[in-house]
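# Fold and contact review
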Amino acid sequence: MSAMACAASFAALALVVPAAGCAPQAGPGGDKKTVSYWMWDSAQQPSYEACAREFHKKNPGLRVKITQIGWDYYWTKLTSSFIAGTQPDAFTNHVAKFPQYERIGVLSPLDELGPTRGIKASDYAPGLAKPWMGRDGHRYGAPKDWDTVGVFYNKKITRAAGVSDGELRDLEWNPKDGGSFEKVLARLTVDANGKRGDEPGFDKDNVERYGLATGDAGGENHGQTQWSAFTGSNGWSYTDKNPWGERYNYDQKRFQETIDWYFGLAEKGYMAPLEDYSDTNYPEVQLGSGKAALATEGSWKLGAFAGLKGVDLGIAPTPKGPTGKRASMMGGLADSIPKDAKNKKGAAKWVAFLASDECQNIVGKDATVFPATPEGTKKAVATHRENGLDVTPFTRHIEEGTTFSFPVTDYSADVTAIMIPTMEEIYAGDSPASSLTETNKQVNFLFQQRD
């Protein structure tokens, strides 16, 4: 790619990330004695600081400088650093952002660097490594953690409604009548007059407690913690292939009938309406306040839900769908190394250490996330067990092979921008799911405009 084309690609990329505003200023890449490493999750930083201390013992001539930048500014800062030549030596990468960086050639192939050359897909949870393979067959990310989706609930509310833990562990759904899952939501929903959603006289327009919390508006283009578990268990896939698909499937019947049913729960009064969601009213807030009884959320929110005061927390697996199986998107972050890293050799040693069981076990013991390696995951499960949390609703997806990957394609930011208004209109009841057929044409038109 020419310098002019590369600059144009970066300019286009900069348009799809938030303005930096007063973003924290992170320093340039390290010298030969320092490895600069960027990440956005402050909750995980202590674990990686601990990993860095162990890394220093094994590599006395190297020091890791960790810079934490909040998500809102992280990608703007990272993109700007590639342009200015101030990029870190290594950074935490997200699979939704990876295709853009892979396409414009700013990442180093990890399988061409000595310390990271030996990383194999079999080192990690099944399916976790595949999304980080480029179109050229090279690996550009070393998986660091994984997540799946489960159903959080308040046992005080469910048991008072006559819904047992065992019942919640064995729910099923279908797009025609919602199955036992919708029946439970109706039972847990209560209006201002004390009528439940399954009782005569229930007022769907005056609800005090919803059966299901709302989250992340309409779910954007992926619905990870909203509808993806349902579309997945209905046998639907986002694209023609994954990774590197070139056609989205939002026009397919299985997707649209699932979306019709899912957002129809809000119309029935069983799920919190679109306007209930905000940046300060996340699903855990709705559950903690008693505004909702259940919330489908990712395993990365375990700490937030476990910390809710007055809530006797329970976790159930996602319901089985028409396929007869459960399903969950499996997300996961990875560590990448820029092509022009100042200390690429040191960065490769650091990324290899991050991927090792030694570091993964440190992260697992902290249990902020599930580490990518099986041994690290065992450590996290043990820590949660010691804290009184049964996390098998999340791990069973790995054990039973019921996971699917985040869609890895070009134009992800553009696809998201197109999908957001359509999904929110459907959620609000202003458009039917069939409107996604036209939206899908707009999405797929992007892939016809390649240079």
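Residues numbered from 1 in each chain as written. Predicted model: local features only at pLDDT ≥ 70, side-chain atom pairs only at ≥ 80, totals over all residues. Heavy atoms only, no water.

### Focus: the state of the cysteines
Rule in force here: When the sulfur atoms of two cysteines come within 2.5 Å, that pair is taken as a disulfide. Starting at the N terminus, helices and strands are each numbered in turn, a helix being any DSSP run of H or I of at least four residues and a strand any DSSP run of E of at least two. For every residue, the accessible area (1.4 Å probe, protein chains only) is compared with the maximum for its type, and the residue is labelled buried under 20%, exposed over 50%, or partly exposed between those bounds.
Tallied over the full model, the rule gives 1 disulfide. Note on cysteine connectivity: Cys51 is disulfide-linked to Cys359, with sulfurs 2.2 Å apart. Taking the sign of the S-S torsion, 95° for the link of Cys51 and Cys359, the bridge is right-handed. Of this pair, Cys51 sits in helix 2 (residues 45–58) while Cys359 sits in helix 13 (residues 357–366), placing them 308 residues apart in sequence. Of the two residues, Cys51 and Cys359, neither departs from the other in class, the shared state being buried.

### Thoughts on the environment of Ser42
Turning to its location among the elements, Ser42 is positioned in the loop between strand 1 (34–39) and helix 2. For Ser42, a relative accessible area of 46% gives the class partly exposed. Remark: the alpha-carbon pair of Ser42 and Thr67, spanning 25 residues in sequence, is separated by 9.7 Å.

### What about the sheet that holds strand 3 (residues 90–93)?
To keep it simple, the criterion reads: Should DSSP find at least two bridges between two strands, the strands are taken to pair. Here a residue-residue contact requires only that any non-hydrogen atoms of the pair lie within 4.5 Å. Each axis is a line fitted through C-alpha atoms, taken for helices only over the stretch in contact, and angles between the N-to-C directions span 0 to 180 degrees.
Overall, mixed pairing links the 5 strands, which are arranged 2-1-3-12-4 in an open sheet. At either margin of the open sheet sits one strand with a lone partner, and together these are strand 2 (63–68) and strand 4 (142–143). By the bridge criterion, 6 bridges tie strand 1 to strand 2 in an arrangement that is parallel. The residue of strand 2 that forms the bridge with Tyr37 is Ile66. Contacting strand 1 and strand 2, helix 2 crosses the sheet at an angle of about 170° to strand 2. Sheet strands in contact with helix 3 (residues 71–84) are strand 1 and strand 3, and its direction is about 140° off that of strand 3.

### Quick word on the packing of aromatic side chains
Stated precisely, the cut-off is as follows: When two rings of Phe, Tyr or Trp (its six-membered ring) have centres within 6.5 Å they constitute a pair, described as stacked for plane angles under 30 degrees, edge-to-face for angles over 60, and tilted for the intermediate range.
Across all of its chains, the model carries 41 aromatic pairs by this definition. On the numbers, 5.3 Å between centres and 75° between planes, the contact of Trp227 with Phe255 is edge-to-face. Of this pair, Trp227 sits in the loop between strand 8 (207–212) and helix 8 (228–232) while Phe255 is found in helix 9 (residues 253–267), placing the two residues 28 residues apart along the sequence. For Trp227, a relative accessible area of 0% translates into the label buried. Each member of the aromatic cluster is reached from another via a ring pair, and the members are Trp227, Trp236, Tyr238, Tyr248, Tyr250, Phe255, Phe404, Tyr411 and Phe447.

### Remarks on the pattern of salt bridges
Applied cut-off: Salt bridges are defined by distance alone: a side-chain nitrogen of Lys or Arg within 4 Å of a carboxyl oxygen of Asp or Glu.
Applying the stated criterion across every chain, the model contains 17 salt bridges. Among the ionic pairs, Glu54 bridges to Lys57, the shortest N-O distance being 3.2 Å. Here Glu54 pairs with Lys57, and both are found in helix 2, just 3 residues apart, close to one helical turn. Owing to a relative accessible area of 24%, Glu54 belongs among the partly exposed residues under this scheme. Two residues, Lys58 and Glu358, come together in a salt bridge whose shortest N-O distance is 3.5 Å. Of the two residues, Lys58 is situated in helix 2 and Glu358 in helix 13; the sequence distance between them amounts to 300 residues.

Geometric descriptors of this kind do not, in isolation, establish any biological role.
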